[in-house]
Structures are given as structure tokens and as C-alpha cells.
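Summary of the model geometry
Here's the letter readout for the chains.
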Amino acid sequence: MVTGIAMRAPVLVAGAALLLAVAGDVARPAPAAPTAAAAIEAGASGCGTGRLPLRPGRQALLLRNDGGTATNVTLTDPATGAVYAELESLGPGTDRVLRITLGPGSYAFRCAQDGPGDPVTGPVTRLTGTGSGAPGIVPVAENDLYAPTRSYQAYVSAGLDRLVARTDALRSAVDDGDLGAARAAWTPAHMAYERLGAAYGTFGDFDGRINGRPAGRPAGVRDPGFTGFHRVEYGLWHGESASSLAAVTDRLARDVRALRSDFPDERIDPADLPLRAHEILENTLQFQLTGEADQGSGTTLRTAAANLEGTRELVDVLRPLLRPRYQGLATVDAWTDRMAALLKGRSSVDRLSRADRERLNGAAGELLERLAPIATICAPRRRAQGTR
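Throughout what follows, the structure given in this document is the object of discussion. (Residues numbered from 1 in each chain as written. Predicted model: local features only at pLDDT ≥ 70, side-chain atom pairs only at ≥ 80, totals over all residues. Heavy atoms only, no water.)

**Comments concerning the packing of helix α7 (residues 272–288) against helix α8 (residues 300–322)**
- Viewed as axis vectors pointing N to C, α7 and α8 meet at an angle of 170°, and their least axial separation amounts to 9 Å. As the angle between them shows, α7 and α8 are arranged roughly antiparallel. Of the residues in α8, those touching α7 at L273, P274, R276, A277, I280, L281, T284 and Q288 are T300, T303, A304, N307, G310, T311, L314 and L318.
- Looking at side-chain class alone, the contact of α7 with α8 contains eight nonpolar, seven polar and one charged residues. (Axes fitted to C-alpha atoms, helices over the stretch in contact; angles between N-to-C directions. Helix = DSSP H or I, 4+ residues; strand = E, 2+ residues; numbered from the N terminus. Parallel < 35°, antiparallel > 145°, perpendicular 65-115°, else oblique. Contact = heavy atoms within 4.5 Å. Nonpolar A, V, L, I, M, F, W, Y, C, P; charged D, E, K, R; others polar.)

**What to know about the side chain of E233**
- If you trace the backbone, E233 turns up in helix α5 (residues 229–236).
- No salt bridge is formed by the buried E233; its nearest oppositely charged neighbour, R213, is found at 9.4 Å.
- A distance of 2.9 Å separates polar atoms of two side chains, one belonging to E233 and the other to H230.
- Those residues in contact with E233 that lie beyond four places of it in its chain are W186, A293, D294, Q295, G296 and S297. (Buried < 20%, exposed > 50% of the residue type's maximum accessible area, 1.4 Å probe, protein only. Lys, Arg positive; Asp, Glu negative; His and termini not counted. Salt bridge = Lys/Arg side-chain N within 4 Å of Asp/Glu carboxyl O. Polar contact = N/O pair within 3.5 Å; in protein donor to acceptor, adjacent residues only side chain to side chain.)

**Describing the nonpolar core**
- With 67 residues, the main nonpolar core has Y152, F203 and M339 as its most contacted residues.
- In this structure, Y152 is in contact with R195, L196, G197, A198, A199, I268, L273, E313, L314 and V317, ignoring residues within four places of it in sequence.
- Listed in part, the 19 residues of the second largest apolar core include A42, L63, L75 and Y107. (Core = buried A, V, L, I, M, F, W, Y, C linked by side-chain atoms within 4.5 Å.)

**Here's the deal with the state of the cysteines**
- Considering all chains together, one arrives at one disulfide under this definition.
- A disulfide bridge connects C47 with C111, and the sulfur atoms are separated by 2.1 Å. The chirality of the disulfide connecting C47 with C111 is right-handed, given an S-S dihedral of about 85°. Taken together, the positions of C47 in the loop between β2 (40–41) and β3 (57–65) and C111 in strand β7 (residues 105–113) put the pair 64 residues apart, joining distant regions of the chain.
- C47 sits in the buried class, given a relative accessible area of 0%. (Disulfide = S-S within 2.5 Å.)

**Some remarks on empty space enclosed by the protein**
- One pass over the structure, following the stated rule, counts four cavities of 30 Å³ or more.
- Taken as a whole, the largest cavity encloses approximately 60 Å³ of empty space.
- As for the largest cavity, its lining consists of G48, L52, P53, L61, L75, L102, Y107, A108, F109, P123 and T125.
- At three residues, β7 tops the list of elements feeding residues into the lining of the largest cavity.
- Of the residues belonging to the lining of the largest cavity, the class tally is nine nonpolar, two polar and no charged. (1 Å grid on protein atoms, 1.4 Å probe; cavity = no way out; pocket = protein on both sides within 12 Å on 5 of 7 lines; lining within 4 Å. Points joined across faces, edges and corners; volume = space filled by probe spheres on them.)

**Remarks on the pattern of salt bridges**
- By the definition in use, this model includes 21 salt bridges.
- Note that R195 and E309 form a salt bridge whose closest N and O atoms lie 2.8 Å from each other. On the criterion of sequence distance, the pair formed by R195 in the loop between α2 (179–194) and α3 (200–203) and E309 in helix α8 is long-range, its members being 114 residues apart.
- Among the residues examined, E309 registers a relative accessible area of 39% and is labelled partly exposed.
- Measuring nitrogen to oxygen at the nearest pair gives 2.7 Å for the salt bridge that ties R276 to E279. Highlighted residues: R276 and E279, both in helix α7, separated by three residues, approximately one helical turn.
- Assessed through its relative accessible area of 14%, R276 is described here as buried.
- Three or more residues joined by partner-sharing salt bridges are found here, namely D168, R171, D250, R254 and R257.

**Notes on helix α6 (residues 242–262)**
- In a regular helix each residue adds 1.5 Å, so 21 residues correspond to 30 Å; α6 covers 29 Å between its end C-alpha atoms and thus fits that length.
- Turning to α6, its buried residues number three or more, namely A242, L245, V248, T249, L252, A253, D255, V256 and L259.
- Contact partners of the buried residues in α6: α1 (146–175), α2, α3, α4 (205–211) and α5. (Expected span 1.5 Å × (residues − 1).)

**Section: the environment of A340**
- Relative to the helices and strands, A340 is located in helix α9 (residues 329–343).
- You can call A340 partly exposed: its relative accessible area is 28%.
- Separated by 20 residues in sequence, A340 and L360 have C-alpha atoms that sit 9.5 Å apart.
- Excluding residues within four positions of it along the chain, A340 makes contact with L308 and R312.

**Remarks on the environment of R64**
- The topology assignment puts R64 in strand β3.
- Sequence-wise, R64 and G93 are 29 residues apart; in three dimensions their C-alpha atoms are separated by 7.0 Å.
- Among the polar contacts made by the side chain of R64, one reaches the side chain of D95 at a distance of 3.1 Å.

**Observations concerning the packing of aromatic side chains**
- Tallied over the full model, the rule gives seven aromatic pairs.
- Each ring, one from Y193 and one from F203, has its centre 5.9 Å from the other, and the planes form 40°; the classification is tilted. Here F203 lies in helix α3 and Y193 lies in helix α2, a separation of ten residues in the sequence. For the residue pair Y193 and F203, the accessibility class agrees, reading buried in each case.
- Centre to centre, the rings of F203 and F263 are 6.1 Å apart; their planes meet at 75°, and the pair counts as edge-to-face. (Phe/Tyr/Trp six-rings, centres within 6.5 Å; stacked < 30°, edge-to-face > 60°.)

Now the structure itself:
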């Protein structure tokens, strides 16, 4: 976490009880934890059997895995497959309490053991009465992510073409000995790369060669392994000559062209897209809004704006999946617009007033919180094979 960033814990926390789509609920006293005798079986052999709730309202459900392997347990709507809550990796011989508010309706537990075998859906429990509970979210299958992935692949391909052209312009300025033109060309070339945030995992070693930082290298900025945009940035803003930078810039241009040539043979993992919506902005908070990534150009806020554009594109390709599943999507758009407005026309963190920095940090922290549920909502899940 970055010091000074206004952040709240995300609604969805991996490895714990995932209460879906409950952002904004008013906190209420939780019911007392049930006794061991009231446990609901979460192993595949007796999934969903045991002491089930009898009425709507706040629940504290004790789940017990009496099986021999870890189990992922979800509480679902048996008719639609919508997920109300999830416990990940409930170990064998383990009890865990699931706290959730349930409204009137039909519910069934679904147990998916680690390893081979299909998920098992337990018996249906019907709750009658009044009140409202957490809304269910229909799970996303891996096939649902193929179309967004193809759209994002096309976006990255077009972005790599722009990146090559702008990096070539940077190299030409250095080769001509015009360092003023090179400094002017560096920022748009670097921003072209930073807009491609969700593809970094697909870029492999190219990312470190093209956009690595000197932190952690034995010789720092003089380390032979420090290459790419930030190495060129350091030289351009620390008085290095055009002749000394020619080889560095030429290597950057060659690496960029090699990346573009390699990319059609690579595959963006569909499961990565939902994760990247949150991770791009996390990196922005850590490296750009603190100024840590700056090697002299004073352009980290322009880089942050490029990261935000990449985040917006990623949310847009996932929008068909998010629209019926995420009630907070309009809020994501609103905070994205707010952060973009705060970044507009800005370049260096050091030139921000304290009030402007606080506003920007607050907007980034709020947007980060709103983006966090996307990773869980759009995480691909196996489908149930019917109700027992």
C-alpha cells in the first residue's frame, strides 16, 4: 500500500468469505456463531446437508468439510446458478463460518473439490417470509471471456503499431543529435506503452527490457541490465550526450519491434483480464502517484493518465459481462472520469499542491476500491452439473 493514498479494504477478499455485491450495506450486529452440532456439510459426499437456515435475515452458517480434499463452496440460486457467497479452499477437517444476509428464495450449496471431478450441488432450501438479501451474481464461464479477450487483443495490436512508430521517432531524434526533439518524443512513446497495461503478463521478458526500472539492480542506473524507456529517460534528463544514448535508444526500438513481431504468437489468458482492471491502478498508485518511477522527465502523472486510459479500455471490453452483474459499474465510470479530470494537464507529482495531491490520491483510492470486485465477479468458474 502506498503511504498517503486514501484507500478502503475491497469488498471482495480472496481466500475468505466472499460476500458478493454488498458494497454500501449498513453494518448490523452479526448473529452469534453457530455450534459445531449445527454445521452444514461442505464435502462433496454430503454437500449442503445439515442444519440449514429456516428463515430470511442475517445468517451465520457453519460449514464443515468432512471430505479428504480442499473444497470451494458457493451458495447459489439453483434455478439460475447465481452466486450469493463463496468460501475458497475449505480444507479437509476444517470448519468456517459464512456470514450473509438472505432474503426469501431458493438456495443450494455447491461444492467443488480441488482436483478432478465435477462440482456437486446439494439439496434446495426454500426460505419464505419478508426482507431482502445480498443479490446473486450469475457466474462467468471461461467461454464468456473469449470475446472480450479478442477485443482487447485487437486493442493491444493497434497500440503496438503506434508504439513502434513513436519509438522510431524517438530513435531518429537521438540519431540526429537533437536532444530537445528526443525529450519531446520520449513522453508520447512511453505513454503508448503504458496504455497496454493488461497485456504486460503476455509480454514476458519484453516488459522488463522495455519498461524496467533501476531499483534492485546492483549498479542502479549504471547497471548494464537497466534498459528501455526509463534508461533513455535517465540519460535525456541527466545530461548524457546523443552519441552515448544512441545505442540505448536503438536497443529500445529493436525490442519494441521484436515485441510487436512476437505478440501475434502469444495468447492473452482470458482469466487475466478481470485481474488487470484492479492491478493496473495498483501499480499506478505505487509507482506513478508517488513519483517513484520518475527518472528525470517529471511526467509520472501523464503516465498515470495513460494507465487510466488502459484501465478504461479494459472495463469497456468487460462491460457486456459486468452490466448485468455489477451494480457499481456506473460508479466505476464516474470515478474514472473524476480521476481523468484531476490528471488532465498535469505532468509532475512534485508540482501538485497539497490539496490537489490529496484530491487525486482520494479519487485513485476510491476508484481502486470500485474496481476491486471485478476480479471476483468475472473470475471464470466451472458450471454445476445439476441438483442432487
